[in-house]
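Below are the chains, spelled out letter by letter.
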Amino acid sequence: MGDPVVSIKNLRIALPRGAERTHAVDGVSFDLTAGKIVCVVGESGSGKSMCAHALLGLLPDTVKVESGEIAFEGRDLLSVDQDGWRDLRGRRIAMVFQEPMTALNPLMRIGEQLMEVFEAHDLLSPKERRAKALALVREVGLPDPERIIRAYPHQLSGGQRQRAMIAMALALEPAVLVADEPTTALDVTTQAQILKLIRNLQASHNMAVMFITHDFGVVADIADQVVVLRHGKVVEEGTAEAVLGRPQHDYTKALLAAVPSFDPPPRRSREDAPRALEVVGLDKTYVTPTGWFRPKRETRAAHAVNFAIHQGETLGLVGESGSGKSSVARLVMRLIEADRGTVRIGDVDLTALDGRALRTQRHRIQMIFQDPFASLNPRRKVGRIIADGMVARGTPLEAALKRAQELLGLVGLDAGAIGRYPHEFSGGQRQRIGIARALALDPEIIVADEAVSALDVSVQAQVLRLLEDLKARLGLSMLFITHDLRVAAQICDRIAVMQKGEIVELKPTAALFADPEHAYTRELLAAVPGRKQEVA
Amino acid sequence: MLSFIAQRVVKGVIVLLAIIVLNFFLIRLAPGDPAVVMAGEAGASDQIFVAQLREKFGLDRPLPEQLLIYVKGIASLDLGFSFRQQAPVAKLIAERLPATLLLTLTAFAISLGLGILFGVLAARFAGTFLDTAITVLALIFYATPLFWIALIAILLFSVWADWLPSFGYETVGAGYTGLRHALDVGAHLVMPAATLGLFFMATYTRMTRASMLEVKRLDFVKTALAKGLRDGIILRRHVLRNALLPVVTLAGVHAGTLVGGAVLTETVFAWPGIGRLMYDALIQRDYNLLLGVFVVSSAMVLIFNLVTDLVYRLVDPRIEYAS
Amino acid sequence: MRQFWRTMLRSPSGIIGLIILVLAIVIAVAGPFYFPNSPWRMVQRPFVPPFTLAKVPLGTDALGRDVLAGLIFGARVSLLVGLVSTLVALVVGVPLGAIAGYFGGRVDDALMRFTEFFQTIPSFALAIVLVAILQPSIYSIVAAIGLVSWPPVARLVRGEVLSLRTREYVQAAVVTGQSNAWIIWREILPNALSPVIVLASLMVATAILLESSLSFLGLGDPNLISWGYMVGAGRTVIRQAWWITVFPGVAILLSVLGLNLIGEGLNDALNPRLSREGR
């Protein structure tokens, strides 16, 4: 290893009074080296983002650097003044942010935003700036550079926007690139491309990269060095190989163990069991009127979707954003109306029912939602949230609340929770409440729509275990929607892969992973981060 | 772009038609038999005259037919006849319209320009004394009744200080021409335009300030900082441009309020515009004239809304894709 | 609720606003007991300047009427019209917005075209026309102000409902078999309430301004004295007697200011994230 480009020593960043803890970052030290990628890993609230922002002097006003040193090119960044920062930012240290949509000014063309980097440091003539912008756009692999630099951010896809952001960061050949979860908002195939791009550029420009992420799969793919953060402190640090292969600290071990393995465990086939849910020829097209004189825009959310779930079986529905998997979940739940097709539960045709008749059948199929913060009414007590459905079916409130207490016990929460409001619970606990609500109506089928996607990896593992356990105990069938193939591998008996509203492949999990037939399935599987170097 | 304009114009015409229909029924809501009222307004009340009026204005025919006649009349710019003033309503309004346009557009320009300026200053120096001063003043002007501030202005600048003329459009009988005349009108315009603009200026100040502070927190401002751009450029190019979008929307929403405010301002300053005309019609219970002014001011608001929509479209490239 | 009051009372604007409003309500309710005489009655010679006679501390107007008594009785009219017409606007706007937002599609289209139409019409001009045609009275004034004020309510409620409708907890209520009415009432409206309360407090202020403007133009209820009427009456004699115009104007300004401040305080307390709703 060569000399460090950036050396962070004993950095302490104080949080404002009244925060959960006193320091966002508490005595953190590590180095960045030219030509190397350092991954800073941690769960939400670990202080990893603060480290990134400190490196560019972009910390929010509410926090304060208490002590420490960030040595860069012979000076301490913590004592740099505003003019000094202005000179360093973009030129010597550049940053790529998490959300490529919000990180670009919606009112300015991509080219203008690129050329601005040169303007900020009074470099080149306007004409040269344009030529440079074109070259950069080409270097980050954007198609049709002439068109791209004239485009506005909203005219690009998420991956293209992130490429444009990277082009901006590269413009002045900085010595250090700080990337704050740059692929978290992207689909898995796009993520794989962006990771590859960062890897290549970093090597060809010999940059030191600080890469913030929560995803150990990404770490495995991209890191040379790893720093594991927890509650603002470094718990473990070392080469990627060492940290991923031979973790020393218990926390790192637990985190790695919580990452679902890519190897599907062997599962008994349920295909002899009777069908709990059957979906035949489901079609749904969204039509967006764009004006009187313009053709309507059509988005096909579901096209000829067929599948069946057998009793006791979990069917996974995987795909990228916009593939229509969530639409299918909502079509099955009758939350949106299908253009065509049938949804059958046992021998009842759900799509043929309406009004009261539909409401009396709804209890048979229940849903667990993605966002633990949006899925519980903030103004109702937990007990009522769980009991409401039972009351609607005619159970007296007393009895319903008593049952709610039992259910809370079942999902591993204290029965006393019924008298409290949702905001008093953590994300994982809220998701448990959501599960209790779904179970309250004794359903035959559970539809879980990205039910663990919003959770930190350790919490995610717990909730997945709970779901598996409950499913087995209560003999439920499940439709499990996810974008995460690792999760799908662990929980699904069979998996259906969706692309552009169609199921392109449907197979038992093990068979799908061992022998993907459709080109898209292969692409999807290849893109899963950390695939080649299976973590611990 | 053209198709957008066409679409908006068609929409505007539909709304205008709806307003005309509403107007038609409002006339019928007015107390008394319209013919008798009209005859009364004309100062005559004999049966034959009433019958004549009834026939002339088609008041003896069934309601839908009357509506058709009414709409046709308006399409040929016939807004009816004002018996009190003994002149066609359209002619009366046409005479007064330029003065109102001069007043409202001046007030609009002043309020938007100064409002944005003060809003930017307050946001730029947020938390300082300047910000507090601007915010408090904006809050007060936002709560001040228009007609009252106009009277206070007269009291201060005409009665006590004698700096500015307190009523009218020009110095009557002075016979100024050319530049002298323009300056004379300008002097008469200062107080009405300033007092009419004050409320709106306060609104735009508050909106610009709030919007700037909100945009300042957005991610792309952080991107701009990370590029090493100077604060001035970030403020102008990234923050202000985005922050002005809601201000443009608000300006469109306020067009109607501006026209309404002109009624009060013109009344206080005896400014010879259609607002003053409306007040006169009100005092004399001249319903034809009243409703004529109402239709014309609605049309003005429609045109103004169309313009703000166009401006919005020009400044926000995303709009084309929004539904 | 305790949290709410704490936030409300921590914002200086909320406190000042509350003080002004409470004061105005006390004056409106209790004031007339101290001034049993009709504010229309002549009590002194005309044009008594303020602060000269203890009996009429704020002076008299052109007809020798007590300006202070006028202010006190006028407070009743202003507050009453402000509150009742806002209620009218809420009663029209909330259900319309809720229905449009919840059911969407054609219902939404139709209701929103209707709302847009009302929003395009210059509201003050429409109010003038309505009051003039219906003849000035407290009822026609309340009706006119209510009628021109509901569109922002409908739009706000629709927007809130539209975004809440896709919220996962509302979908959860649908899949657990709740009826539409139950969902709107229990799941959606309680969560849409905060911005409506904020808007309502600002609407009371706007309604007071509208009422005073109408009265100023001579469209007030002829039997009730109001601040706008007083300003209008003092207008012609402003050169001789400034106080007749100035005091009622200050009264309007203070009550509108108070309500706006309360609106800001409410906004801070109810919507932690700054909400921007164009009015």
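A quick note: this is a predicted structure, and the numbers were derived from the prediction, not measured.

### What about the overall build of chain A?
Along its length, chain A carries 19 helices and 20 strands. Its C-alpha atoms give chain A a radius of gyration of 26 Å, near enough to 24 Å, the size a compact globule of 536 residues would have. With the C-alpha coordinates of chain A rotated into their principal frame, the extents come out at 75 × 55 × 45 Å. Taken over 536 residues, chain A has a buried fraction of 55%. Of the contacts made within chain A by residues no fewer than 6 positions apart, 69% connect residues no fewer than 24 positions apart. Positive and negative side-chain charges in chain A, numbering 67 and 67 respectively, have mean positions lying 4 Å apart.

### A short note on the interface of chain B and chain C
Interfaces are frequently sized by the accessible area removed from exposure as the parts join. Across the contact, 54 residues belong to chain B and 43 residues belong to chain C. Carbon and sulfur atoms make up 74% of the area that chain B and chain C hide from each other, which totals about 4,400 Å². The largest contributions to the chain B side of the interface with chain C come from B:Phe147, B:Trp148 and B:Leu151, which together make up 14% of the buried area. Our count for the contact surface shared by chain B and chain C stands at two salt bridges. Between B:Lys11 and C:Glu116 there is a salt bridge, and its shortest N-O distance comes to 3.9 Å. Where chain B packs against chain C, one counts seven residue pairs in polar contact (both at pLDDT 80 or more). Here the element with the most residues in the side of chain B that touches chain C is helix 13 (residues 287–315) of chain B; it accounts for nine residues.

### So, the sheet that holds strand 16 (residues 365–368) of chain A
Residues and elements named next belong to chain A. If you trace the six strands from one edge of the open sheet to the other, you get 16-17-18-13-19-20, paired in mixed fashion. At either margin of the open sheet sits one strand with a lone partner, and together these are strand 16 and strand 20 (502–508). Neighbour-to-neighbour, the strand axes of this sheet turn through a mean angle of 20°, independent of strand direction. As judged from the four bridges shared by strand 16 and strand 17 (residues 445–449), these two strands associate in the parallel manner. Note on strand 17: the bridge partner recorded for Met367 is Val447.

### Concerning the pattern of salt bridges
Pairing is possible between side chains of opposite charge, provided their charged atoms come close. Residue and element names in this part refer to chain A. If you walk through the whole model with that rule in mind, you get 46 salt bridges over all chains. Between Asp224 and Arg199 there is a salt bridge, and its shortest N-O distance comes to 3.2 Å. One end of the pair, Asp224, is in the loop between helix 8 (216–222) and strand 9 (225–230); the other, Arg199, is in helix 7 (residues 188–205), with 25 residues separating them in the sequence. Using a relative accessible area of 27% as the deciding quantity, one classes Arg199 as partly exposed. Where salt bridges share partners, they join Arg12, Asp26, Glu66 and Lys233 into one cluster.

### Re the UniProt feature "domain: ABC transmembrane type-1" (unreviewed entry) in chain C
Feature annotation in UniProt places "domain: ABC transmembrane type-1" (unreviewed entry) on residues 75–263 of chain C, given in this structure's numbering. Secondary structure across residues 75–263 of chain C divides into 85% helix and 0% strand, with the first and last C-alpha atoms of the span separated by 20 Å.

### Re the sheet that holds strand 4 (residues 64–72) of chain A
Residues and elements named next belong to chain A. With antiparallel pairing, the four strands of this open sheet are ordered in space as 2-1-4-5. Where the open sheet ends on each side, the last strands, each with one partner, are strand 2 (23–33) and strand 5 (75–76). Sheet analysis places strand 1 (residues 4–14) next to strand 4, joined by seven bridges and oriented antiparallel. Pairing of Ser7 across the sheet is with Ala71, part of strand 4.

### Some thoughts on the domain arrangement of chain A
According to the domain assignment, chain A contains domain 1 (1–90 + 206–256), domain 2 (93–173) and domain 3 (275–290 + 298–527). Once you take the C-alpha centre of each, domain 1 of chain A and domain 3 of chain A turn out to be 38 Å apart.

### Things to note about helix 6 (residues 138–165) of chain C
Under the 1.5 Å per step criterion, the end-to-end length of helix 6 of chain C is 39 Å for 28 residues, consistent within 8% with the ideal 40 Å. A bend of about 35° at C:Ser149 is the largest found in helix 6 of chain C, and the proline C:Pro151 appears one to four places after it.

### Some points on the packing of helix 5 (residues 89–124) of chain B against helix 6 (residues 129–143) of chain B
Residue and element names in this part refer to chain B. Closest axis-to-axis distance for the helix 5/helix 6 pair is 8 Å, and the angle between their directions is 140°. Compared by their axis directions, helix 5 and helix 6 come out oblique. Between helix 5 and helix 6 lies a crossing of left-handed hand. Here Phe118, Leu121 and Ala122 of helix 5 come into contact with helix 6, specifically with Leu130, Asp131 and Ile134. When its residues are assigned to classes, the contact of helix 5 with helix 6 shows five nonpolar, no polar and one charged.

### Some thoughts on the packing of aromatic side chains
Counted according to the given criterion, the structure contains 18 aromatic pairs over all chains. For the ring pair C:Trp242 and C:Trp243, a centre distance of 5.9 Å and an interplane angle of 85° mean the geometry is edge-to-face. Geometrically, the ring pair formed by C:Trp242 and C:Phe247 is tilted, given 5.9 Å between the ring centres and 55° between the ring planes. Judged by relative accessible area, C:Trp242 falls into the partly exposed class, the value being 29%. Through successive ring pairs, a cluster of aromatic residues spans C:Phe51, C:Trp242, C:Trp243 and C:Phe247. A cation over a ring is seen here: B:Arg124 above B:Phe125, with NZ or CZ 5.0 Å from the ring centre. The ring of B:Tyr176 carries the charged tip of B:Arg180 above its face, separated from the ring centre by 4.2 Å.

### A short note on the confidence of the model for chain C
Residue and element names in this part refer to chain C. Per-residue pLDDT for chain C averages 87, and the proportion of residues at 70 or more is 96%. Of the regions scoring below 50 in pLDDT, residues 273–279 engages in 18 contacts with residues more than four places distant in sequence or in other chains. Among the scores for the predicted complex, ipTM is 0.87 and pTM is 0.86.

### Description of the nonpolar core
In terms of nonpolar packing, the biggest core is built from 205 residues, with A:Leu277, A:Phe307, A:Val332 and C:Ile128 touching the most fellow members. With 17 residues, helix 8 (residues 180–216) of chain C is the largest single contributor of residues to this core. With near-sequence residues (within four places) excluded, C:Ile128 lies in contact with B:Val263, B:Met278, B:Leu282, B:Leu290, C:Leu214, C:Leu217 and C:Leu219. In this structure, A:Phe30, A:Ile166, A:Leu186 and A:Phe211 belong to the second largest nonpolar core, which totals 98 residues.

### With respect to the environment of B:Ser298
Relative to the assigned elements, B:Ser298 resides in helix 13. Distance from B:Ser298 to B:Ile19, taken between C-alpha atoms, is 7.8 Å for residues 279 residues apart in sequence. Every residue in contact with B:Ser298, bar those within four places of it in the chain, is listed here: B:Ile19, C:Ile121 and C:Pro122.

### Some details on the UniProt feature "transmembrane region" (unreviewed entry) in chain C
All names here are of chain C. Under the UniProt annotation, the feature "transmembrane region" (unreviewed entry) is placed at residues 12–35, 77–103, 124–149, 197–220 and 240–263. Helix makes up 100% of residues 77–103 and strand makes up 0%, while its end C-alpha atoms are separated by 39 Å. The span residues 124–149 carries 88% helix and 0% strand; its end-to-end C-alpha distance comes to 10 Å.

### Focus: the interface of chain B and chain A
Listed per partner, the contact involves 27 residues of chain B and 34 residues of chain A. Interface of chain B and chain A: buried area, both sides summed, is about 2,900 Å²; carbon and sulfur atoms make up 57% of it. Here chain B is connected to chain A by five salt bridges. Where chain B packs against chain A, one counts 15 residue pairs in polar contact (both at pLDDT 80 or more). Looking at the side of chain B that touches chain A, the elements that each hand over two or more residues are helix 1 (2–29), helix 9 (219–227) and helix 10 (231–253) of chain B. Residues belonging to the side of chain B that touches chain A are distributed by class as follows: 11 nonpolar, seven polar and nine charged.

Cut-offs applied
- Counting restarts for each chain: residues are numbered from 1 in the order of the written sequence.
- All chains are assigned letters beginning at A, and all ligands numbers beginning at 1, according to the order in which they are written.
- Where local features are concerned, this predicted model is filtered to residues with pLDDT of at least 70; where side-chain atom pairs are given and counted, the filter is 80 or more; whole-chain, interface and lining totals use all residues.
- By convention in this description, side-chain values take in all heavy atoms of the structure and omit both hydrogens and water.
- A run of H or I in DSSP counts as a helix once it spans at least four residues, and a run of E counts as a strand once it spans at least two, with each numbered from the N terminus.
- Using C-alpha atoms as the atom set, the radius of gyration is obtained and then compared with a globule rule of 2.2 Å times the number of residues to the power 0.38.
- Note on exposure labels: buried denotes an accessible area under 20% of the residue type's maximum, exposed denotes more than 50%, and partly exposed covers the range between, all computed with a 1.4 Å probe on protein chains only.
- Residues are treated as being in contact if the distance between any of their heavy atoms lies within 4.5 Å.
- The convention is simple: Lys and Arg are positive, Asp and Glu are negative, and His and the chain ends are not counted.
- Just so you know, the charge point we use is NZ for Lys, CZ for Arg, CG for Asp and CD for Glu.
- Two parts placed together each lose some accessible area; with a 1.4 Å probe, that loss summed over both constitutes the buried area.
- Put simply, a salt bridge is a Lys or Arg side-chain nitrogen that is within 4 Å of an Asp or Glu carboxyl oxygen.
- Residues adjacent in sequence count toward polar contacts only when both atoms are side-chain atoms; beyond that, a polar contact is any pair of N or O atoms within 3.5 Å, and within protein one must be able to donate a hydrogen and the other to accept it.
- Strands are treated as partners if at least two bridges between them are detected by DSSP.
- Each axis is a line fitted through C-alpha atoms, taken for helices only over the stretch in contact, and angles between the N-to-C directions span 0 to 180 degrees.
- UniProt positions are given in the numbering used here, feature names are shortened, and annotations may be inferred rather than shown by experiment.
- An automatic or database domain assignment supplies the start and end points of every domain.
- By definition here, a helix of n residues has an expected span of 1.5 Å times n minus one.
- Think of it this way: the bend at a residue is just the angle between two axes, each fitted to seven residues, one set ending at that residue and the other starting at it.
- Any angle that falls under 35 degrees is termed roughly parallel, while one over 145 is termed roughly antiparallel, one within 65 to 115 roughly perpendicular, and all others oblique.
- Crossing handedness is read from the near helix: turned anticlockwise from the far helix by less than a right angle, it gives a left-handed crossing, and turned clockwise, a right-handed one.
- When residue character is reported, Ala, Val, Leu, Ile, Met, Phe, Trp, Tyr, Cys and Pro are called nonpolar, Asp, Glu, Lys and Arg charged, and the others, Gly included, polar.
- The criterion for an aromatic pair is that two Phe, Tyr or Trp rings (for Trp, the six-membered ring) have centres within 6.5 Å, with stacked assigned to planes under 30 degrees apart, edge-to-face to planes over 60 apart and tilted to the rest.
- A ring has a charge above it when a Lys NZ or an Arg CZ is no more than 6 Å from the ring centre and no more than 35 degrees off the ring normal.
- pLDDT is a residue-level measure of predictor confidence that goes from 0 to 100.
- As used in this record, nonpolar core signifies buried Ala, Val, Leu, Ile, Met, Phe, Trp, Tyr and Cys residues forming a set joined through side-chain atoms within 4.5 Å.

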